[in-house]
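# Structural features, examined
Now for the letters of each chain:
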Amino acid sequence: MKFAHLVEINDPLNPLIDTLTREQLWRGLVLRAEMPTAFVPYLDRCTILEKSELSVSRELQYGDLVVRDRVTYLPQQQVVYHVPQQKDIPESQLTMTIEEPEPNILFVRFEYDDGAGETENATEAMYNDFRRSAYTESDIDTIRTIREMAEDGRLAQGR
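Attention in this report is confined to the structure presented alongside it. From a predicted model like this one, the values you see are computed outputs, not experimental measurements. (Residues numbered from 1 in each chain as written. Predicted model: local features only at pLDDT ≥ 70, side-chain atom pairs only at ≥ 80, totals over all residues. Heavy atoms only, no water.)

On a regular strand, one side chain projects to one face of the sheet and the next to the other, so that they alternate. When strand β1 (residues 2–8) meets strand β7 (residues 105–113), the two strands line up antiparallel, connected through 7 bridges. Its bridge partner being in β7, Phe-3 is matched across the sheet by Tyr-112. Summarising the sheet, strand β6 (residues 92–102) and β7 pair through 8 bridges and their orientation is antiparallel. Looking at the pairing, Leu-94 lines up with Tyr-112 of β7. With antiparallel pairing between neighbouring strands as the criterion, β6 and β7 make up a hairpin whose turn holds 2 residues, including Asn-104 at a positive phi of roughly 65 degrees. (Pairing = 2+ DSSP bridges. Helix = DSSP H or I, 4+ residues; strand = E, 2+ residues; numbered from the N terminus.)

What follows is the structure, given as structure tokens:
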């Protein structure tokens, strides 16, 4: 399944939401990779196995399920999560790209690719619709958490 959607970050027509800078948004996306338990309530543990300026390798534990992945950074632009095939888990990828069509008008494009083909039966179609909805809600929650972190001053330092 391939799936993409945009989440608007700054809306100049809505004075009720604080404007995030590109740097705050970037720092929040990096924190989602490096401190995922702050973003994913059902994640039990995250161990950073290796970290550099442009990537992080992690081991994530969800109950008895352990997943290893690698997150790479294109600074101030893109975060890519790559899960290699392991045991019963197929290869997959999530790409988060910051888009700025006009100054200070920010969006994040979330793109999912589970490596499966585009053909699907009725059961798979229903399951994929559920996954799309869950992914969208999770991504909106990610931005909400980033906003809360910015309001609390936790996104002050840049990367």
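Here the focus is helix α2 (residues 122–151). Every α-helix winds through 3.6 residues per turn, so residues three or four apart in the chain are directed the same way. Between its first and last C-alpha, α2 extends 44 Å over 30 residues, near the 44 Å set by a 1.5 Å rise per residue. In this structure, the buried side of α2 is in contact with β1, α1 (22–34) and β7. Capping of α2 at its N-terminal end is provided by Asn-121; its side-chain oxygen lies 3.0 Å from the backbone amide nitrogen of Thr-123. Once α2 ends, the next one or two residues include Gly-153, with phi positive near 80 degrees. (Expected span 1.5 Å × (residues − 1). Contact = heavy atoms within 4.5 Å. Polar contact = N/O pair within 3.5 Å; in protein donor to acceptor, adjacent residues only side chain to side chain.)

Okay, the pairing of strand β5 (residues 78–83) next. Of the strand pairs in this sheet, strand β4 (residues 65–74) and β5 are connected by 5 bridges, and their pairing is antiparallel. Note that in β5 the partner of Leu-74 across the bridge is Gln-78. Hairpin geometry of β4 and β5 is characterised by an intervening segment of 3 residues between the two adjacent antiparallel strands and by a positive phi of about 65 degrees at Gln-76. In this sheet, β6 lies alongside β5 in antiparallel orientation, the contact comprising 6 bridges. Its bridge partner being in β6, Tyr-81 is matched across the sheet by Leu-94.

The next thing to look at is the pattern of salt bridges. The tally for this structure, following the rule as stated, stands at 12 salt bridges. Between Lys-2 and Asp-113 there is a salt bridge, and its shortest N-O distance comes to 3.5 Å. Taken together, the residues span a long stretch of sequence, with Lys-2 in strand β1 and Asp-113 in strand β7 at a distance of 111 residues. Residue Lys-2 is classed as exposed on the basis of its relative accessible area of 51%. By relative accessible area, which is 29% here, Asp-113 ends up partly exposed. For Arg-154, the salt bridge goes to Asp-152, with nearest N and O atoms at 3.2 Å. Taking the relative accessible area as the measure of exposure, Asp-152 reaches 54% and is therefore exposed. (Salt bridge = Lys/Arg side-chain N within 4 Å of Asp/Glu carboxyl O. Buried < 20%, exposed > 50% of the residue type's maximum accessible area, 1.4 Å probe, protein only.)

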